[in-house]
Amino acid sequence: QKNLSILSPDQIELGKMLLETGQGHLFENWPDPGVDDDEKKALLAQVVLLNSSYPGGLASYIKTAKELLADSKSGKNPFDGFTPSVPSGEVLTCGDDNFVKYEETGVKQVQNAAFVLVAGGLGERLGYKGIKVALPMETTTGTCFLQHYIESILSLSEASCREAQGECRRDVPFVIMTSDDTHERTLQLLESNAYYGMKPTQVKLLKQEKVACLADNDARLALDPNSKYRIQTKPHGHGDVHALLYSSGLLKEWKDAGLRWVLFFQDTNGLLFKAIPSALGVSATKEYHVNSLAVPRKAKEAIGGITKLTHTDGREMVINVEYNQLDPLLRATGHPDGDVNCETGYSPYPGNINQLILELGPYIDELSKTGGAIKEFINPKYKDSTKTEFKSSTRLECMMQDYPKTLPPSARVGFTVTETWLAYAPVKNNAEDAAKVPKGNPYHSATSGEMAIYRANSMILRKAGVKVDDPVTQVFNGQEVEVWSRVVWKPKWAVTFADVKSKVRGNNSVSEKSTLVIKGRNILIEDLSLDGALIVDSVDGAEVKVGGCVGNNGWRIEGIDNDDSSATALAEEVRIRGFKINKMDQLQQSYSEPGNFCLKP
Ligand code: UGB
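Since we're looking at a predicted model, the values are computed, not measured.

Visitor: Please provide a residue-by-residue account of the packing of aromatic side chains, values included.
Guide: Within the structure shown, the criterion is met by 15 aromatic pairs. When the ring of Phe265 is compared with that of Phe273, the centres are 5.4 Å apart and the planes differ by 80°; the resulting orientation is edge-to-face. Of the two residues, Phe265 and Phe273, both sit in the buried class. On the basis of an interplanar angle of 85° and a centroid distance of 5.2 Å, the ring pair of Tyr363 and Tyr403 is categorised as edge-to-face. One end of the pair, Tyr363, is in helix α11 (residues 360-370); the other, Tyr403, is in the loop between β14 (396-398) and β15 (413-417), and 40 residues separate them in sequence.

See the structure below:
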């Protein structure tokens with residue numbers, strides 16, 4: 001009461017709400033006016049921010065928290081009444097006629113799409129000191145994830161334009177969701193690299209705010225251990241992206257501009273753009289309101305499973321069930337072995353790779369009702385089985401793939417499965433944890449993420465008729481990986497399988513020790529026999545035919561021993577892979593003038 005005079009009317013209103021919802025402890029033992037006034041105002045300013053950045057405000061946050069905490073304490077099963085079953089979806093095989101047909105349809109749709117990258121996560125499991133999108137996707141060229149994503153979007157939209165015979169209506173929008181942990185560094189990365197060729201006006205950064213932590217089962221907001229005038233906050237999860245897009249007004253802007261699709265993707269999957277054109281084709285052909293990209297999933301692998309849930313009251317939904325929930329859910333519903341591989345060697349529940357394609361119209365309709373609020377969950381770590389105290393404060397969380405949970409049964413929710421080697425190789429785990437992954441399960445480390453790029457590109461070349469040697473097996477940072485020829489191309493060379501096929505002719509071969517880097521747009525590989533390193537670059541107006549026998553000592557992959565003192569001099573980006581590339585010898589050609597050229601040693 002005594003301190004009311006130092007607060008604004010808005011702050012007083014919020015203060016009252018807090019008192020009514022059992023948050024009196026926030027103001028307990030406040031000294032008289034005149035002492036710590038700025039700190040008191042700062043606490044209320046923080047309350048204003050927490051209130052405005054949450055759909056429904058803080059009162060709604062506290063109400064939901066109380067309900068979910070009570071459910072958690074009583075051990076309520078979130079899937080009560082639901083029976084899981086294996087859903088049906090579109091299963092694609094890279095390179096076959098169906099895949100090519102969907103890619104063609106998808107590319108046409110790109111100019112009607114907006115791309116959204118969720119990149120607010122700090123990547124605690126990876127333990128990398130930088131932001132994850134700045135991490136090199138592979139170290140042959142050193143291209144970072146963000147550069148690759150932007151170049152892929154630009155190239156896809158150019159291809160889309162060509163399909164529309166040059167009638168491009170717009171620059172494809174690109175949104176990046178950041179957080180306090182990643183915002184400044186993401187902006188800096190973009191600015192210091194001229195947005196990797198994208199127009200700055202095409203790119204929008206939306207920063208997610210953290211949410212208030214909860215100290216106990218009564219949902220009392222936790223004070224920061226370092227200050228009695230600050231509420232402790234933690235990330236709310238990638239589900240925030242929906243509310244942010246809605247409140248930013250972008251969705252409406254996009255709808256008015258005639259866009260039809262919104263594509264969501266994660267921060268460190270170097271393969272994902274290989275699956276986007278075909279999956280977008282599936283969305284357009286099947287008129288899916290929601291299309292989740294998925295890959296075959298090993299039982300108990302740490303990615304969610306796409307599951308059909310049928311309720312006793314008749315409700316049905318196709319939804320991601322997180323990896324820690326799928327096994328208990330199956331056990332509780334008549335599958336005593338839980339989440340196990342079937343005869344294919346994989347779980348029958350496809351793995352969610354959190355790449356979603358939403359149709360904009362139905363998406364806006366839904367968000368107009370919900371404001372973008374996503375069904376939340378809570379995961380308190382209790383001190384003991386009485387579940388009365390927490391080990392540390394907790395908070396509500398939400399996931400972007402839970403968006404379909406509020407949709408009516410009439411919504412068309414589907415999924416598209418592609419081969420893992422084509423679509424999914426995230427970099428999430430640090431080397432130590434990756435080395436402990438059970439044999440046969442993916443490492444999801446910087447080592448495996450890089451090797452997956454070479455494997456995918458080599459496999460695609462093979463499907464296009466190039467003879468690429470088998471890989472060798474090597475161990476880096478305690479992880480056994482297949483090392484394929486280091487084949488890398490810029491998205492402007494090829495964004496679809498059909499692009500690759502049209503640029504590869506005759507009899508070509510690439511040996512296992514080889515590195516092939518294609519940087520130019522109009523480079524034709526014809527009757528090339530490569531046994532070494534070949535790097536070709538060209539300006540857009542140059543047409544270059546590359547063939548003949550290229551042989552040199554090439555670029556060698558060399559393992560590094562992180563326990564060795566010499567390894568400490570290496571960059572963290574190198575050490576986390578457990579190998580470095582020794583660039584011994586290469587044929588490197590760059591064509592900087594327009595014209596027709598032939599590279600044939
Ligand atoms: N992210 C944010 O932008 N904000 C946040 O507050 C948190 C994360 P993680 P997670 O593909 O392997 C997801 O931490 O959440 C961004 C799916 O839920 O890498 O453990 C972050 O920057 C799971 O079903 O993954 O698991 C990153 O880009 C499965 O699909 C993204 O959100 C799994 O990913 C994912 O964050 C997977």
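Visitor: I'd like a description of the side chain of Thr515, backed by residues and values.
Guide: Positionally, Thr515 belongs in strand β22 (residues 515-518). Residue classification places Thr515 among the buried positions, given a relative accessible area of 0%. Residues in contact with Thr515, not counting those within four places in the same chain, are Thr140, Arg486, Leu530, Gly532, Ala533, Leu534 and Trp555.

Visitor: Lay out the pairing of strand β25 (residues 542-551) with the relevant residues and their values.
Guide: Of the strand pairs in this sheet, strand β23 (residues 523-531) and β25 are connected by seven bridges, and their pairing is parallel. Residue pairing across strands places Ile523 opposite Val544, the latter belonging to β25. When β25 meets strand β29 (residues 595-599), the two strands line up parallel, connected through five bridges. Along β29, the bridge assignment pairs Val544 with Phe597.

Visitor: Break down the environment of Glu124 for me, citing the residues and quoting the values.
Guide: Checked against the element boundaries, Glu124 lands in the loop between β3 (113-118) and α5 (145-163). Separated by 306 residues in the primary sequence, Glu124 and Asn430 have C-alpha atoms spaced 9.0 Å apart.

Visitor: Before we move on, can you summarise unusual backbone geometry with the specific residues and values?
Guide: What is expected of a backbone is that most residues other than glycine have negative phi and most peptide bonds are trans. Despite not being glycine, Tyr195 has its phi angle at roughly 55°, a positive value. With a phi close to 55°, Asn354 is a non-glycine residue in the positive phi region. Its location among the elements puts Asn354 in strand β12 (residues 347-359). Exposure remark for Asn354: the relative accessible area of 4% places this residue in the buried category.

Visitor: With reference to specific residues and values, describe the pattern of salt bridges.
Guide: Close approach of charged atoms lets side chains of opposite charge pair. Applying the stated criterion across every chain yields a total of 33 salt bridges. Put simply, Glu572 and Lys129 hold a salt bridge, and the shortest N to O gap is 3.3 Å. One end of the pair, Glu572, is in helix α16 (residues 572-575); the other, Lys129, is in the loop between β3 and α5, and 443 residues separate them in sequence. A relative accessible area of 62% places Lys129 in the exposed class. With a shortest N-O distance of 3.0 Å, Lys252 and Asp256 are connected by a salt bridge. Taken together, the positions of Lys252 and Asp256, both in helix α8 (residues 250-256) and four residues apart, correspond to about one turn of that helix. On the basis of relative accessibility, which here comes to 56%, the residue Lys252 falls in the exposed class. Bridged by salt links that share partners, the residues Glu158, Lys492, Arg521 and Asp540 form one connected network.

Visitor: Can you break down the site of the ligand residue by residue, with the values?
Guide: The local shell around the ligand holds 24 residues, among which Val118, Gln208, Gln266, Asp267 and Tyr424 are the closest. Between an oxygen atom of the ligand and a main-chain N or O atom of Gly121, the distance comes to 2.9 Å. Within the side chain of Arg125, an N or O atom sits 2.9 Å from an oxygen atom of the ligand. Burial of the ligand by the protein amounts to 88% of the accessible area it has alone, namely 710 Å². The element best represented in the shell around the ligand is β12, accounting for three residues.

Visitor: Please give an account of the sheet that holds strand β24 (residues 533-538) that cites residues and values.
Guide: An order of β19-β22-β24-β28 is seen for the four strands of this open sheet, with the pairing classed as parallel. The outermost strands of the open sheet, each flanked by one partner alone, are β19 (486-489) and β28 (587-591). Neighbour-to-neighbour, the strand axes of the sheet open up by a mean angle of 5°, direction not taken into account. Here β19 runs beside β22; their pairing, made up of four bridges, is parallel. Residue pairing in the sheet places Arg486 in a bridge with Thr515 of β22. Here helix α14 (residues 446-463) sits on the sheet and contacts β19 and β22; the angle it forms with β19, its principal contact strand, is near 80°.

Visitor: So what's going on with the packing of helix α1 (residues 9-20) against helix α2 (residues 37-52)? Residues and values would help.
Guide: Here α1 crosses α2 at 80°, and the two axes come no closer than 10 Å. When the axes of α1 and α2 are compared, the pair comes out roughly perpendicular. Two secondary-structure elements touch here, α1 through Gln11, Leu14 and Leu18 and α2 through Lys41, Leu44, Ala45, Val47, Val48 and Asn51. Tallied by class, the residues present in the contact of α1 with α2 amount to six nonpolar, two polar and one charged.

Rules used in this analysis
Residues numbered from 1 in each chain as written. Predicted model: local features only at pLDDT ≥ 70, side-chain atom pairs only at ≥ 80, totals over all residues. Heavy atoms only, no water. Phe/Tyr/Trp six-rings, centres within 6.5 Å; stacked < 30°, edge-to-face > 60°. Buried < 20%, exposed > 50% of the residue type's maximum accessible area, 1.4 Å probe, protein only. Helix = DSSP H or I, 4+ residues; strand = E, 2+ residues; numbered from the N terminus. Contact = heavy atoms within 4.5 Å. Pairing = 2+ DSSP bridges. Salt bridge = Lys/Arg side-chain N within 4 Å of Asp/Glu carboxyl O. Near = heavy atom within 4 Å. Polar contact = N/O pair within 3.5 Å; in protein donor to acceptor, adjacent residues only side chain to side chain. Areas by Shrake-Rupley, 256 points an atom, 1.4 Å probe, with all protein chains shown as cover. Axes fitted to C-alpha atoms, helices over the stretch in contact; angles between N-to-C directions. Parallel < 35°, antiparallel > 145°, perpendicular 65-115°, else oblique. Nonpolar A, V, L, I, M, F, W, Y, C, P; charged D, E, K, R; others polar.

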